[in-house]
Amino acid sequence: MGVYAITGARIGIGAACAKMLEEQGHKVIKISRGEGADIRADLSKKEDRQRAVKEIEEMTPDGLDGFVANSGVGPTEPGDLILRLNYFGAKDMIEDLFPLLQKKNGVVLAVSSNSANLPGLNTELVDMLCDDDDEEAAAAYGKTLEGANKQEAYQASKFGLAKWVRRNSAFYVTKGVRMNAIAPGATWTNLMEVGFDDDVFGDSMQSFPVPSHYNDGKVLSPEDVANTMIFLLSPESVGICGAVIYTDGGTDAFLRTERF
Amino acid sequence: MSILKKYGEVFNKNDAKAFMELFADDCVFYDAAPTAVGMDPIYIRGKAGIYMMFNMYFHAMKIEATVKSIDGNVMEYDIGYPDLGMPPVLCRGELIEEEDGKIVRYHVYPRT
């Protein structure tokens, strides 16, 4: 059985993925800010990322079979926090765990979002993330965003993460580490629950189309998304590399028919 | 011989293995020149990626780099496709980082 590390494993999609891996008999190292984590860390902070990587190294000296960069917050949170956690918290952890993953020809899965490709993407902010790799500048910009504009930070963080995965997946796999991203759509997690009640984002989040749930008005469950994650972490998905897999009940196909 | 001069010479051999050897193992090659003809930029990390990408190009068609000038870390050149009869792509290459005679980071932009 394998050893996997998951960030944001306490609730939502991360918790569902961790539970499924454990049910398959794997050991799962859960990284989270909250109680019950194997490693408690706030991955929006560089020093916590470095400490978390060190602790994972101590726990798994023989290497990691998989790493899921799942931690993230939604657009209701401050813009600087969104960018630090969703993009840099994920990207830095993947890069720093790369040697440990290489030891076991491991798999990386980054959790992006299907909102990454919706209209309104701030490409300058994405460049600040992916080209400049400047966390402080991005965070300073994020701090200036208020109200509905915080969606800019969320969208750029998720687009940037998927772009980073696509840019680096060929390099990683030539070194033995396969990497993909998943782009969940509307999923009933804490992030969605908070968003539904939000004065600014509530209406738009509640009206987001999910074709596969047209008849029941529901959204996806964390388990719906985690099932895809389990597949992408498994050897059965060996042919998939550098992909951004939409697990959104058909939303992306519906909204962006011509782009795939 | 400067690495940029070598770049032009080795490129014209259309030999992806030789071209790959100009780059460091963990290099970054960013080419925004295709945006001038409405295509997406190319981002390659790692010399294995350099080999894979240019092996595909060099097998698909003959490609020629005509160097116009080299000034410090900047090289202006045209990429031509003699068999396709299309106009050359005008490029401005910037050697961002070099280490031990290998290219660590190289960016290409469209030249007007």
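About the thresholds
Throughout this document, residue positions are counted from 1 along each chain, in the order its sequence is written. Both sets of labels track the order of writing: A upward for chains, 1 upward for ligands. With the structure being a predicted model, the display of local features is reserved for residues of pLDDT at least 70 and the display and counting of side-chain atom pairs for 80 or more, all residues being used for whole-chain, interface and lining totals. For the side-chain quantities, the full set of heavy atoms in the structure was used; hydrogens and water were omitted. For every residue, the predictor states its confidence as a pLDDT score lying anywhere from 0 to 100. Two strands qualify as a pair provided that DSSP identifies no fewer than 2 bridges between them. Each helix corresponds to a stretch of at least 4 residues labelled H or I by DSSP, and each strand to a stretch of at least 2 residues labelled E; elements are numbered beginning at the N terminus. Lines fitted to C-alpha atoms define the axes here, with helix axes fitted over just the stretch in contact, and angles between the N-to-C directions of these axes take values from 0 to 180 degrees. Whether two residues are in contact is decided by their heavy atoms: any pair within 4.5 Å suffices. When two parts are brought into contact, each loses some accessible area as probed by a 1.4 Å sphere; the total of that loss over both is the buried area. Any Lys or Arg side-chain nitrogen found within 4 Å of a carboxyl oxygen on Asp or Glu counts as a salt bridge. Three classes are used, and their members are as follows: Ala, Val, Leu, Ile, Met, Phe, Trp, Tyr, Cys and Pro are nonpolar, Asp, Glu, Lys and Arg are charged, and the others, Gly among them, are polar.

Caption draft 1: Representation of the confidence of the model for chain B in the model. Summary statistics for chain B give a mean pLDDT of 94 and a share of 100% for residues scoring 70 or more. Our summary of model confidence lists the complex with pTM equal to 0.90 and ipTM equal to 0.79.

Caption draft 2: View of the sheet that holds strand 6 (residues 102–110) of chain B. All names here are of chain B. If you walk across this open sheet you meet the 6 strands as 2-1-6-5-4-3, and the pairing is mixed. Edge strands, defined here as strands with exactly one partner in the open sheet, are strand 2 (42–45) and strand 3 (64–71). Averaged over all pairs of adjacent strands, the angle between their axes in this sheet comes to 20°, without regard to strand direction. Alignment of strand 1 (residues 23–31) against strand 2, held across 4 bridges, turns out to be antiparallel. Looking across to strand 2, one finds that Phe29 is bridged to Ile44.

Caption draft 3: Quick peek at the interface of chain A and chain B. Taken together, the contact pairs 9 residues of chain A with 8 residues of chain B. In total, chain A and chain B occlude about 730 Å² of area from one another, counting both sides; carbon and sulfur atoms represent 51% of this. Summed over the three residues of chain A that lose the most area to chain B, namely A:Arg167, A:Phe171 and A:Thr174, the buried surface amounts to 64% of that side. For the salt bridge of B:Asp25 with A:Lys175, the shortest nitrogen-to-oxygen distance reads 2.7 Å. Of the residues forming the side of chain A that touches chain B, the biggest block, 7 residues, is contributed by helix 6 (residues 150–174) of chain A. Each residue belonging to the side of chain A that touches chain B can be placed in one class, and the counts come to 4 nonpolar, 2 polar and 3 charged.

Caption draft 4: Representation of the sheet that holds strand 2 (residues 27–32) of chain A in the model. Residues and elements named next belong to chain A. Judged by pairing direction, the sheet is parallel, and its 7 strands sit side by side in the order 3-2-1-4-5-6-7 without closing on themselves. Looking at the sheet topology across the chains shown, the edges are occupied by strand 3 (39–40) and strand 7 (244–247). Relative to strand 7, strand 6 (residues 178–184) runs parallel, the two sharing 4 bridges. Bridged to Pro184 within strand 7 is Thr247. Helix-sheet contacts for helix 3 (residues 79–102) involve strand 4 (66–69), strand 5 (107–111) and strand 6, and the interaxial angle to strand 4 is about 175°.

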